[in-house]
Amino acid sequence: MSSAMQIMVVDDEENICEALAAWFQKDGYWVETAGSGPEALERMQQKPCDVYLVDIKMPGMDGLELLARLKEKQPDVDVIMITAHGSIQTAVEAMKRGACDYLCKPFDPDQLSLLMERVIASKALRDENIALREQLAEQRETIFEGFVAQSETMQKVFSIIEDVAPSSAPVLITGETGVGKELIAHTIHTHSEQSYGPFVAINCGALSETLLESEIFGHERGAFTGAAKARRGRLEMANNGTLFLDEVGEISTKMQVSLLRALEEKKFERLGGSRAIETNFRLISATHQDLPQLIKENQFREDFFYRINVITVPVAPLRERLEDVPALADHFLERYVQETGKRMEGFTQRALGMLMSYSWPGNVRELRNVIERAVVIARGRMIGAKELTFLNTPGAECQLGTLTLKEVEISHVRAALEACNWNISRAAKQLGIDRSTLNRKIKRYHMTRP
Amino acid sequence: MHTNQSKQTDKALLDLILLGHVNETAVSIVAANLQAIMGLNTDIRPVLDKPDYAYVPGRNQFDAAKIIKTLCSITDGAPLKLGLIESDLCSPILTFVYGESQLGGKAALVSLHRLSAEDPAVTYQRIAKISLHEVGHLLGIKHCWKTTCLMKHSSDLEPLDSLSLYFCSACEYEIKRHLETLINRDI
Ligand SMILES: Nc1ncnc2c1ncn2[C@@H]1O[C@H](COP(=O)(O)OP(=O)(O)OP(=O)(O)O)[C@@H](O)[C@H]1O
Ligand SMILES: [Mg+2]
Ligand SMILES: [Zn+2]
Ligand SMILES: [Zn+2]
């Protein structure tokens, strides 16, 4: 269900309006009611809705006439007729004249749900919003995957999330690649007032400037070569939900000006259009870049920065919160075990040691991939050092962070030994040292063969 | 997720109001579940008369909206009211409803009429699920699309039976949040 969808119920009987409005509200829609045709038309001028539920029998302007007027002003509008037993003939007539469906009151609860699903599906298709629908479906799957926060720093992040989620203040999430910025953005969304609206994400680093601009703002027909059809942008799709601007540091300063205006006025125009479109969403941005530094270099606008950075959520790299590693490893193990149906019980001490002494330049995402690979290649019930040998690939340890030289040496030596199945000569060769040096290190670091 | 322990209060936050005779086991099961699953202190109030004012003659049902309005007008007792009735309910637009509730409001209503199963345990579970769902609405929670969450809308018994007696973590979080507001407002 997408609460970006706005519904108007038009019926002269107040209790019908009330009952329908209550029903739709519980399903997360935005609903308005009108007691007559003229009132509905007047409201439409101020704020058009996506779907109208119209009673056929109303004093003054009846449902059929209202249908014609609505279609005239807004040809792509969905109108559903409400009839009473005995006026089905009129409902059929209404369908011929462009109503998309009808309901015969009182209706079965299931009928109403099904009808709304049909309307949303056909609407999404029409708007070429299939991508959005898929994204919504995927979001439903992944949101509750769980958020692991063992370390004190992540606990702090979590309590910030809890505090800020219910407000609608803009949030800026900063941190290296793979630390969980998008997951945090999702989590804020699901705990917010907008949780029933869409979560619309856009990766600003993945598109060229012109594409990004039309992706964000949408465009009218003929706005540029290739714009054969008008298209809704992400700003519109995010209405009543959350807009997630990933890699916000990649947005050009020119586009920052337009975005700033859209954020301040809560309205904007599509590319090539002059009609102001209203939109209301919560903004969450993320970046791995140092925005204050970019501001100094005139690569980022200060006013835009203040606008998006009302609340900052800094996310530490995994190597600075190694306490999270075991919990995250268990979390991903459980997930992949479920996916593959393999029976796995956990990690050997040695394997955990390896995970704890690695520097994780790709952060949580890298850990996730490592566990996934380990589950795939594992033959036994436990994930052991053997399954993690690829952790030792040269060049992987380029960001050593807070590890001491000794820690790095231990993990590197251990990994080489595992990789060579404790064949001292081969491991020594791989490490570029001689056997006696390696033996000394094994002794000094109390390493034992598993 | 860290959550603040909600403030303890002995005062009931919800009154169970029986409209005519209602199966006693069902009543105590509803009260127990509200208490255990939602952390909602619940009082069982003396039985009221059957709501003849809400009877819809042609349909041999009772209008849920009218009963809810009456429950709302009760000024004493707990801030939230949940009516329980054995008769069948309808609304001006729907042929029947298992229950009805004011979103973020004061009163909700559940009918036992369509919930009976061969196995009484299943019957009681259905009654508990619908009650928790409607009280969820009372606390301002909208429908949830998580397939196993109690706030998922079930328009039929089959999907209702496939739910477990749990709210998903997001709904649970929201329920806690709304309850805390309610408790703070009430003391
Ligand atoms: N604390 C966490 N608990 C559980 N899973 C996590 C956690 N942090 C990250 N993940 C998982 O790690 C993966 C990477 O996270 P995410 O995509 O959110 O990172 P990101 O910071 O947005 O990365 P990038 O900057 O590359 O876009 C995802 O699969 C996410 O679910
Ligand atoms: Mg990301
Ligand atoms: Zn409901
Ligand atoms: Zn839920």
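The rules behind each value
- Per-chain numbering applies: the sequence of each chain, read as written, is numbered from 1 onward.
- Working convention: letters from A go to chains and numbers from 1 go to ligands, in the order in which they are written.
- Reporting of local features is limited, given that this is a predicted model, to residues whose pLDDT is at least 70; pairs of side-chain atoms are given and counted only at 80 or more, and all residues count toward the totals for whole chains, interfaces and linings.
- Here the side-chain values reflect all heavy atoms present in the structure, with hydrogen atoms and water set aside.
- The secondary structure listing takes helices from DSSP runs of H or I that are at least 4 residues long and strands from runs of E that are at least 2 residues long, numbered from the N terminus.
- Categorising residues by exposure relies on relative accessible area from a 1.4 Å probe, with only protein chains included: less than 20% of the type maximum marks a residue as buried, more than 50% marks it as exposed, and the intermediate range marks it as partly exposed.
- Residues are treated as being in contact if the distance between any of their heavy atoms lies within 4.5 Å.
- What sets the accessible areas is the Shrake-Rupley method with a 1.4 Å probe; for residues, cover comes only from the shown protein chains.
- Throughout, the arc means that of the directions going from the helix axis to the C-beta atoms.
- Only N, O and S atoms count as donors, using a 2.8 Å limit from the metal and a wider 3.2 Å limit for Na, K and Ca, and since water is excluded some coordination spheres may look unfilled.
- Every geometry call rests on angle ranges, with four donors termed tetrahedral when all angles are between 85 and 135 degrees, four termed square planar and six termed octahedral when opposite donors are over 155 degrees apart and all others are between 65 and 115, and everything else termed irregular.
- A pair is scored as a salt bridge if a Lys or Arg side-chain nitrogen falls within 4 Å of a carboxyl oxygen belonging to Asp or Glu.
- Polar contact is defined as a pair of N or O atoms within 3.5 Å, subject to the rule that within protein one atom must be able to donate a hydrogen and the other to accept it, and that residues adjacent in sequence are counted only when both atoms are side-chain atoms.
- When residues are grouped by polarity, Ala, Val, Leu, Ile, Met, Phe, Trp, Tyr, Cys and Pro land in nonpolar, Asp, Glu, Lys and Arg in charged, and all others, Gly among them, in polar.
- Two strands form a pair only when DSSP identifies at least two bridges running between them.
- Expected span of a helix: the number of residues minus one, times 1.5 Å.
- Classification of ring pairs rests on two measures: the distance between centres of Phe, Tyr or Trp rings, Trp counted by its six-membered ring, which must be within 6.5 Å, and the angle between planes, read as stacked under 30 degrees, edge-to-face over 60 and tilted in between.
- Clockwise travel from the first strand over the helix to the second, with the strands pointing away from the viewer, marks a crossover as right-handed.

**Topic: the overall build of chain A**
When helices and strands are counted, chain A shows 19 helices and 16 strands. Expressed as a percentage of its 450 residues, the buried residues of chain A come to 52%. Within chain A, counting contacts between residues at least 6 apart in sequence, those at least 24 apart form 70% of the total. A total of about 21,200 Å² of accessible surface is found on chain A, and carbon and sulfur atoms cover 50% of it.

**Thoughts on helix 2 (residues 37-46) of chain A**
All names here are of chain A. Those residues of helix 2 lying buried are G37, A40, L41 and M44. Seen from one end, helix 2 has its buried residues packed into an arc of 100°, which puts them on one side. Turned more than 90 degrees from where helix 2 packs its buried face, E42, Q45 and Q46 sit exposed. Elements in contact with the buried residues of helix 2: strand 1 (6-10), strand 2 (30-34), strand 3 (51-55) and helix 3 (63-73).

**A few points about the coordination of the zinc ion (ligand 4)**
Residues and elements named next belong to chain B. Donor atoms from the polypeptide that bind the zinc ion (ligand 4) are C144 (SG), C149 (SG), C168 (SG) and C171 (SG), placed at 2.3 to 2.4 Å. Each of the four donor atoms bound to the zinc ion (ligand 4) contributes to angles spanning 105 to 114°, and the resulting shape is tetrahedral. Linear spacing of the donor residues for the zinc ion (ligand 4) on their chain is C-x4-C-x18-C-x2-C.

**Some thoughts on the interface of chain B and chain A**
Opposite the 29 residues of chain B that make contact, chain A presents 30 residues. Here chain B is connected to chain A by two salt bridges. Here E100 of chain B makes a salt bridge to K26 of chain A, at a shortest N to O gap of 3.1 Å. Taken together, the connections running from chain B to chain A amount to six residue pairs in polar contact (both at pLDDT 80 or more). Going through the elements one at a time, strand 7 (99-101) and helix 5 (169-186) of chain B are the ones with two or more residues in the side of chain B that touches chain A. If you tally residues by element for the side of chain B that touches chain A, the top one is helix 5 of chain B, at six residues. For the side of chain B that touches chain A, the residue count by class is 13 nonpolar, nine polar and seven charged.

**Here's the deal with the pairing of strand 8 (residues 107-111) of chain B**
Residues and elements named next belong to chain B. For strand 8, the buried fraction is high: five of the five residues fall into the buried class. Here strand 8 shows a buried face lined by A107, L109 and S111 and a second buried face lined by A108 and V110. For strand 5 (residues 80-85) and strand 8, the ladder comprises five bridges, and the chain directions are parallel. Bridging from a neighbouring strand, K81 pairs with A107 of strand 8. The turn joining strand 7 and strand 8, which pair antiparallel and follow one another in sequence, is formed by five residues; a positive phi near 65° is taken by G104.

**Comments concerning helix 1 (residues 14-26) of chain A**
Residue and element names in this part refer to chain A. Taking 1.5 Å of rise per residue, 13 residues should cover 18 Å, and helix 1 covers 18 Å from first to last C-alpha, within 8% of that figure. Where helix 1 is concerned, the buried positions are I16, C17, A19, L20, A21, W23, F24 and K26. A positive phi of about 90° marks G28, the residue just after helix 1.

**Thoughts on the pattern of salt bridges**
Where charged atoms from two side chains of opposite charge approach closely, those side chains can pair. Residues and elements named next belong to chain A. Counting across every chain of the model gives 28 salt bridges over all chains. When the shortest N-O distance is used, the salt bridge between R301 and D303 registers 2.8 Å. Using a relative accessible area of 34% as the deciding quantity, one classes D303 as partly exposed. Because the salt bridges share partners, they merge into one network encompassing D11, E13, D55 and K105.

**Overview of the packing of aromatic side chains**
Residue and element names in this part refer to chain A. For the structure shown, the criterion picks out 10 aromatic pairs over all chains. For the pair F147 and F158, a centre-to-centre distance of 5.1 Å together with 75° between the ring planes defines the contact as edge-to-face. Within this pair, whereas F147 is found in the loop between helix 6 (130-142) and helix 7 (152-164), its partner F158 is found in helix 7, the two being separated by 11 residues in sequence. As far as burial versus exposure is concerned, F147 and F158 are alike and both buried. Taking 4.5 Å as the distance between ring centres and 85° as the angle between the ring planes, the aromatic pair formed by Y358 and W360 counts as edge-to-face. Here Y358 and W360 have matching classes, each one buried. Three or more aromatic residues link up through ring pairs in this structure, and these residues are W23, F24 and Y29.

**A closer look at unusual backbone geometry**
Residue and element names in this part refer to chain A. Across the junction of K105 and P106, the peptide omega takes the value 0°, indicating a cis bond. Along the chain, P106 falls in the loop between strand 5 (101-105) and helix 5 (109-126). For E247, which is not glycine, the phi dihedral falls at a positive 55°. Turning to its location among the elements, E247 is positioned in the loop between strand 10 (242-246) and helix 11 (253-265). Although it is not a glycine, W360 adopts a positive phi angle of roughly 50°. Relative to the helices and strands, W360 is located in the loop between helix 15 (349-356) and helix 16 (363-377). Taking relative accessible area as the criterion, W360 reaches 0% and is therefore assigned buried.

**A look at the pairing of strand 2 of chain A**
All names here are of chain A. As paired strands, strand 1 and strand 2 are joined by five bridges and run parallel to one another. Note that in strand 2 the partner of M8 across the bridge is E32. For the handedness criterion, the β-α-β arrangement of strand 1, helix 1 and strand 2 is classed as right-handed.

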